[in-house]
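Descriptive analysis of the structure
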Amino acid sequence: MHYLTDAAQIRAMINQFRSYKILWLDTEVADCRTQNPRLSLIQVLANPNDSSGEFAYIFDVLDKPDLARYFIEQIMVNPHIEKVFHNASFDLKYLGGKLIPNVTCTLKIARKITRYKLKTSNLKLKTLATELCNFTDVDTESGASDWGKRPLIGKQLYYAAMDVVYLAAVHRQLLYFNSVDENSIFKMAANKHKLTVTQVRIAFECPRLFYLNDKFGGKTLFIPRNVTTGIGSVFHSFADEFVRLILRESRFKELFKPEASQLDIEKVAVEMQQIFYKAKFYPYLQQVTKTDKSRATSLLLVWQGLQNIIKRFAQILIVNRGYCSASSVIRKTFVSEERKLEYCFDLPNKTQQLVKGEYDCLIYNFERQRLCLLEFKTYQSIDPSAQLAQVSLYGYMLFQKKQVPVDSAVYCVLPEFKEYYYRWEELESTVNQLIPYKLQQMQEWLSWEPSEPNSPPATTQPYLCEICPQQQKCQSYFGEVEIPPTPLKKVGLKDKGFSDSIEMPSTPHEKGGLKDKEFADSIEMPSTPYEKGGLNKVSSEAENQIQPDNSVDANAVGKELVATLQSFGIRVDFVGAAVAPSFIRVKLKPQLGVKFNSIQKLHADLQIQMGLENPPLIAPQAGYVSVDLPNPNRKTALFDDYLKPQKSQINDSVKIAIGINLEGKLVEADLSDPNTCHFLVGGTTGSGKSEFLRSQLLSLLIRYSPQQLKVALVDPKRVTFPEFEKMPWLYSSVVKDSDNAIELMDKLVSEMEFRYQQFEKTESADLDSYNQRSDKPLPRIVCIFDEYADFMAEKESRTALEQSIKRLGAMARAAGIHLIIATQRPEAKVVTPIIRSNLPGRVALRTASEADSMIVLGGKQTAAAYLLGKGDLLYQVEAKLHRLQSLYAKNIDLKGAGSGE
């Protein structure tokens, strides 16, 4: 809501409202039961689709008769503006009287229809909102509060804002019942010859909900109960505002002046987010939370979603920068035009159906040479088929308008970013084969009357009934649907708290991006959180690794640690210290009688007393206790400093880079070793997992030629391996979806079986011995599978992938085929025992929890949850853990790679 108390702001807003054709209005009056009532608030709504009060304006006019008079002169007496009230006779006492023109009274409309027809207990606004429009948690008590006391509390302001929201919704339903004004602002579904794209989505999910919504209105989204609702309209408004801002703000163009190859996605994304935050989001945050701080949490969700989508835009713009200039890349990427579409479909019964809709965004992808229509969702869709139907319609309607193929994508921005991409070829076949029949069905359902047989059928997914937004109305209207015992998969906020639920694989803000406390603190501050050490302290992954090359006095750090432990009564001797790129390892010898556990349990106290950003890692070693403290002058382990292109022979062992150890030496794994032939890699957002995988891949390419090595890549996020998509080492095209992933794994199993047949013919035990005997040597194959969890949601794909990994993990080493399976969510349901038992090599970057650490490393190894991120990792060889820093490849250059024969 927008609560205005300043006279100048109120007058300016009144002037804006003069251009509207219809306004929904209400008033709150102080001392209304006395002889001297005083007008306290004027509430105004111009957007009838607002369901949460976001677009409601509240003018505080208590004891300001000049402002009330100005509102009457500019709005009330204007005959071209329709003024809608519920109980107009009451409100007009304070807003100009009975002679005000063009007034609509919803109470009079309701009386004309009768309570019997409406099937409501009475005709009060709150009752109609609840029983006619399906609003929940309607406040019926705050109306009697003291409207003459200042300051007003948040509950009062929310009550006032929702009054006009309820009014607009009730007005809509009453117009339907009264069959009036078909050309009104609502463009209602009472006109049976028009359907919307949204209605088609609803019909795919549940025909009965589609019918009820058409007849009575109300909510239509199937959203699990533990997911925050009411943020969609705010998010979409800001997404629109971002596109408008990026098209006109020159600072965005400056970000793309370097060549595309020199642009860093993380850095550009952060800069774009900062510009938008300062210009648009932070002023809104300040205004809203000034009156209601409780909304900070929901606004944090909105900002998390915006961060994800802005980063995706940054990725697209950097790709497009390779095809056009810095000054034109933005305007050539974002297509600015009318987003409303309509098209008349030919149906199988020889009739036609007009469909209308408005998509969210349109971009041009130069790499694919296609327009791409975007739909934004602030939740994960329950029904993918309905989602596909929605974007299919939009894509087909836009094709009819432009006569060029249009791809479509759905961006689900919360609780984590997921992109669902549909090629035009998929969309076209879907529309031609399915949509016309569905539209004909929808016509038939809308013509049904309660007294007739063959009512609209129940959803084919009965578990949706558990979260149906109109469950009670549906049961009373159609009867109860038996819900099977299979529980609906929960998504969204976890019990542990808000911060745990935001995994966000695409956002660069590893700890910041305004987490709970920092976000709340920013509400009180007159300057933006960027200036207060908020978002500007979080940069790209590379920049966070690169620190000034200042020396660290490790001995002084060790002595400080000894003194701190002594303050807790723990007696230890300082043995020595070593400095690694990301941490300082202090070696301590406990004195007699001091147990290791007494040191280990103090990790949180040490973090506090020594002012550490992260708790120290404490572990027993042979003859001493190691305490790893964060290195305040963290260094980057640059790839080029440790590895150079080199020649190798066909039978040389294939080694892959893992990271830099305490002695500054590169640690590598031999893929022919049964303990390191396949790898499981786990690491949460900001851990450096993507850079680790890229450095591993590059360490292979610079030493082994395409004749010696083939690489299979699976990249569902489409951002981990973009530079490698056209390299000659590829075993097949980079895989980006589940069907092709299953096909790739099946292909590798077949390749393995073929190789064993060849080994049998030459009496060879493994690939090395076969290549020594054969005049046609076979290359090793390394499959790097990023974001494995993305393919585990569907049971069919999960089962197929698990079986392939099981076979390859058990048998493929001797055949020269190796797996590197990576995920940012190493949960038990994702990394199953079948997967773990067949991937002996383990690398854990920082994990989101101790439980995730134990899944990656096995046993009770929880240390990965306390790593520093950005390439800080634990490498498990048999039962021993090695703490390393992964390499960072600043520039990917394959020109001199793999030159050996």
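Residues numbered from 1 in each chain as written. Predicted model: local features only at pLDDT ≥ 70, side-chain atom pairs only at ≥ 80, totals over all residues. Heavy atoms only, no water.

What about the packing of aromatic side chains?
Applied cut-off: Two rings from Phe, Tyr or Trp (for Trp, the six-membered ring) form a pair when their centres sit within 6.5 Å of each other. Planes less than 30 degrees apart are called stacked, planes more than 60 degrees apart edge-to-face, and all others tilted. To qualify as a helix, a DSSP run of H or I must reach at least 4 residues; to qualify as a strand, a run of E must reach at least 2; elements of each kind are numbered from the N terminus. Throughout this description, buried means an accessible area under 20% of the type-specific maximum (1.4 Å probe, protein chains only), exposed means over 50%, and partly exposed covers the range between. Placement of a positive charge over a ring is assigned whenever Lys NZ or Arg CZ falls within 6 Å of the ring centre and within 35 degrees of the normal to the ring plane.
With the rule as written, the count across this model stands at 43 aromatic pairs. Taking 6.0 Å as the distance between ring centres and 70° as the angle between the ring planes, the aromatic pair formed by tyrosine 211 and phenylalanine 478 counts as edge-to-face. Highlighted residues: tyrosine 211 in helix H9 (residues 207-216) and phenylalanine 478 in helix H18 (residues 471-478), separated in sequence by 267 residues. A relative accessible area of 1% means that tyrosine 211 is categorised as buried. When the ring centre of tyrosine 421 is taken as origin, the NZ or CZ atom of arginine 368, which lies over that ring, is 4.1 Å away. Looking at lysine 438, its charged tip hangs above the ring of phenylalanine 204, at a distance of 4.7 Å from the centre.

Regarding the sheet that holds strand E11 (residues 370-377)
The criterion, for reference: Pairs of strands are assigned from DSSP output, requiring at least two bridges between the strands. To obtain each axis, a line is fitted to C-alpha atoms, and for helices this fit is confined to the stretch in contact; angles are then taken between N-to-C directions over 0 to 180 degrees. In what follows, a contact means two residues having at least one pair of non-hydrogen atoms within 4.5 Å.
Spatial ordering of the open sheet is given by E10-E11-E12-E13, a layout of four strands whose pairing is mixed. Unpaired on one side and paired on the other, strand E10 (361-365) and strand E13 (418-422) mark the two borders of the sheet. Each neighbouring strand pair of the sheet contributes to a mean axis angle of 25°, computed without reference to strand direction. Pairing between E10 and E11: five bridges, direction antiparallel. In the sheet register, isoleucine 363 faces E11, and the bridge partner there is cysteine 372. Packed on one face of the sheet, helix H13 (residues 296-321) meets E10, E11, strand E12 (406-412) and E13 and runs near 145° to E12.

Notes on the nonpolar core
Where a protein is soluble and globular, its nonpolar side chains tend to be buried together. Our working rule: Nine residue types can take part in a nonpolar core, namely buried Ala, Val, Leu, Ile, Met, Phe, Trp, Tyr and Cys, and a core is a set of them joined through side-chain atoms within 4.5 Å.
The biggest cluster of nonpolar side chains holds 69 residues, and the ones touching the most others in it are Phe17, Phe59, Phe71, Met76 and Phe135. It is helix H7 (residues 154-178) that provides the largest number of residues to this core, a total of 13 residues. In this structure phenylalanine 71 touches Ile14, Leu25, Ile42, Val44, Phe59, Met76 and Leu95, once residues within four positions along its chain are discounted. Among the nonpolar cores identified, the runner-up in size contains 53 residues, and Ile231, Leu263, Leu301 and Ile316 belong to it.

Observations concerning the packing of H9 against helix H17 (residues 435-446)
Note the threshold: Note on terminology: angles under 35 degrees are roughly parallel, angles over 145 are roughly antiparallel, angles of 65 to 115 are roughly perpendicular, and the others are oblique. By definition, any crossing whose near helix is turned counterclockwise from its far helix by less than a right angle is left-handed, and any crossing with a clockwise turn is right-handed. Residue polarity follows a fixed list, in which Ala, Val, Leu, Ile, Met, Phe, Trp, Tyr, Cys and Pro are nonpolar, Asp, Glu, Lys and Arg are charged, and the others, Gly among them, are polar.
In the contact formed by H9 and H17, the axes pass within 10 Å of each other and the chain directions differ by 55°. Put simply, H9 runs oblique to H17. The handedness of the crossing between H9 and H17 comes out as right-handed. Between H9, through Pro207, Phe210, Tyr211, Asp214 and Lys215, and H17, the contact on the second element is made entirely by Met442, Trp445 and Leu446. Considered class by class, the residues forming the contact of H9 with H17 number six nonpolar, no polar and two charged.

Regarding the environment of proline 630
Examined against the element boundaries, proline 630 turns out to sit in strand E17 (residues 624-630). Looking at proline 630, the relative accessible area reads 18%, which means it is buried. Note: C-alpha distance between proline 630 and leucine 617 (13 residues apart in sequence) is 9.3 Å. Contact partners of proline 630, with chain neighbours within four places excluded, come to Ser582, Phe583, Ile584, Leu612, Asn614 and Leu868.

A closer look at the sheet that holds strand E7 (residues 194-196)
Strand pairing in a sheet takes place through backbone hydrogen bonds and is either antiparallel or parallel in direction. Taken in spatial order, the three strands line up as E7-E9-E8 in an open sheet, and their pairing is mixed. Either end of the sheet is taken by a strand with one partner, and the two such strands are E7 and strand E8 (340-346). For this sheet the average axis-to-axis angle between neighbouring strands, irrespective of direction, equals 30°. The sheet contact formed by E8 and strand E9 (residues 352-358) spans seven bridges and is antiparallel. Bridge assignment links glutamate 342 to a residue of E9, and that residue is lysine 356. In this fold helix H15 (residues 384-402) packs onto E8 and E9, with an angle of close to 90° to the strand it touches most, E8.

Focus on helix H31 (residues 850-857)
Here H31 has its buried residues at Asp852, Ser853, Ile855, Val856 and Leu857. Those residues of H31 that are buried are in contact with strand E20 (679-682), helix H30 (833-837), strand E24 (841-845), strand E25 (872-877) and strand E26 (880-885). Looking one or two residues past H31, glycine 858 carries a phi angle of roughly 85°, positive in sign.

Some points on the packing of helix H8 (residues 197-205) against H9
A pair of packed helices is characterised by two quantities: the angle between their axes and the separation of those axes. The geometry of H8 relative to H9 is characterised by a closest axis approach of 5 Å and an angle of 140° between their N-to-C directions. As summarised for this structure, H8 and H9 are arranged oblique, according to the angle between their axes. In this structure, H8 contributes Gln199, Ile202, Ala203 and Glu205 to the contact, and H9 contributes Pro207, Leu209, Phe210, Asn213 and Asp214. Across the contact of H8 with H9, the residue classes tally to five nonpolar, two polar and two charged.

Digging into helix H29 (residues 795-811)
Note the following rule: To estimate the expected span of a helix, subtract one from its residue number and multiply by 1.5 Å.
Between the first and last C-alpha of H29 there are 24 Å, a value that for 17 residues agrees with the 24 Å anticipated at 1.5 Å per step. Within the span of H29, buried status applies to Ser797, Leu801, Glu802, Ser804, Ile805, Leu808 and Gly809. The elements touched by buried residues of H29 are helix H27 (738-762), strand E22 (780-785), strand E23 (817-823) and H30.

Concerning the pattern of salt bridges
Here is the rule: We define a salt bridge as a contact between a side-chain nitrogen of Lys or Arg and a carboxyl oxygen of Asp or Glu at a distance within 4 Å.
A complete count under the given rule lists 35 salt bridges for this structure. In this structure, lysine 356 and glutamate 342 form a salt bridge, with 3.5 Å as the shortest nitrogen-oxygen distance. Taken as a pair, lysine 356 in strand E9 and glutamate 342 in strand E8 lie far apart in primary sequence, 14 residues in all. For aspartate 628, the salt bridge is made with arginine 585, and the minimal N-O distance between the two is 2.8 Å. Taken as a pair, aspartate 628 in strand E17 and arginine 585 in strand E15 (residues 583-590) lie far apart in primary sequence, 43 residues in all. Overall, the relative accessible area of 5% leaves aspartate 628 in the buried class.

A word on the pairing of E23
When a strand is regular, its side chains alternate between the sheet's two faces. Extensive coverage of E23 is indicated by the burial of seven of its seven residues. Alternating residues of E23 divide into Ile817, Leu819, Ile821 and Thr823 and His818, Ile820 and Ala822, and every residue in both groups is buried. Looking at chain direction, E20 and E23 are connected through four bridges and run parallel. Directly across from valine 681, in E23, lies its bridge partner alanine 822. Note: E22 against E23, five bridges, orientation parallel. Residue pairing for E23: phenylalanine 785 is matched across the bridge by isoleucine 821.

Section: the side chain of aspartate 26
Note the threshold: In this charge count, Lys and Arg are treated as positive and Asp and Glu as negative; neither His nor the chain ends contribute.
Examined against the element boundaries, aspartate 26 turns out to sit in strand E2 (residues 22-30). The buried charged residue aspartate 26 lacks any salt bridge, with lysine 126 as its nearest oppositely charged partner at 6.1 Å. When neighbours within four sequence positions are excluded, aspartate 26 is seen to be in contact with Leu41, Ile42, Gln43, Phe85, Asp91, Asp163 and Val164.

Remarks on a negative patch on the surface
Applicable threshold: Patch definition: residues with relative accessible area over 30% and no salt bridge; like charges joined within 9 Å; nonpolar side chains (Val, Leu, Ile, Met, Phe, Trp, Tyr) joined within 5 Å. Note on areas: Shrake-Rupley, 1.4 Å probe, and residue coverage restricted to the protein chains presented here. For charged residues, the charge sits on one atom: NZ in Lys, CZ in Arg, CG in Asp, CD in Glu.
The grouping of Asp737, Asp739, Glu743, Asp746, Glu794 and Glu796 at the surface amounts to a negative patch. In terms of residue count, the dominant contributor to the negative patch is H27 (three residues). Following the sequence through the fold, aspartate 739 ends up in helix H27. Taking relative accessible area as the criterion, aspartate 739 reaches 57% and is therefore assigned exposed.

Some points on the environment of alanine 260
Tracing the backbone shows alanine 260 in the loop between helix H11 (250-254) and helix H12 (265-291). Along the chain, alanine 260 and leucine 317 lie 57 residues apart, while their C-alpha atoms are 9.1 Å from each other. The contacts of alanine 260, once residues within four sequence positions are left out, are Ile318, Arg321 and Gly322.

A few points about the environment of serine 336
With respect to the element layout, serine 336 can be found in the loop between helix H14 (329-333) and E8. C-alpha of serine 336 to C-alpha of valine 243: the two residues are 93 residues apart in sequence and 8.7 Å apart in space.

A few points about the state of the cysteines
Applied cut-off: Count a disulfide wherever a pair of cysteine sulfur atoms falls within 2.5 Å.
Counting across every chain of the model gives zero disulfides. Between cysteine 361, a cysteine without a disulfide, and cysteine 372, which holds the nearest cysteine sulfur, the sulfur-to-sulfur distance is 9.1 Å.

Description of the confidence of the model for the protein
Detailed reading of the predicted model is not advised wherever pLDDT is low. Inclusion rule: Note: pLDDT gives the predictor's confidence per residue, expressed from 0 to 100.
For the protein, mean pLDDT is 83; residues scoring 70 or higher make up 88% of the total. Confidence over residues 180-192 falls short of pLDDT 50; this stretch has 19 contacts with residues more than four positions distant or in other chains. Contacts for the low-pLDDT stretch residues 483-550, under 50 throughout, to residues beyond four places or in other chains number 174 contacts.

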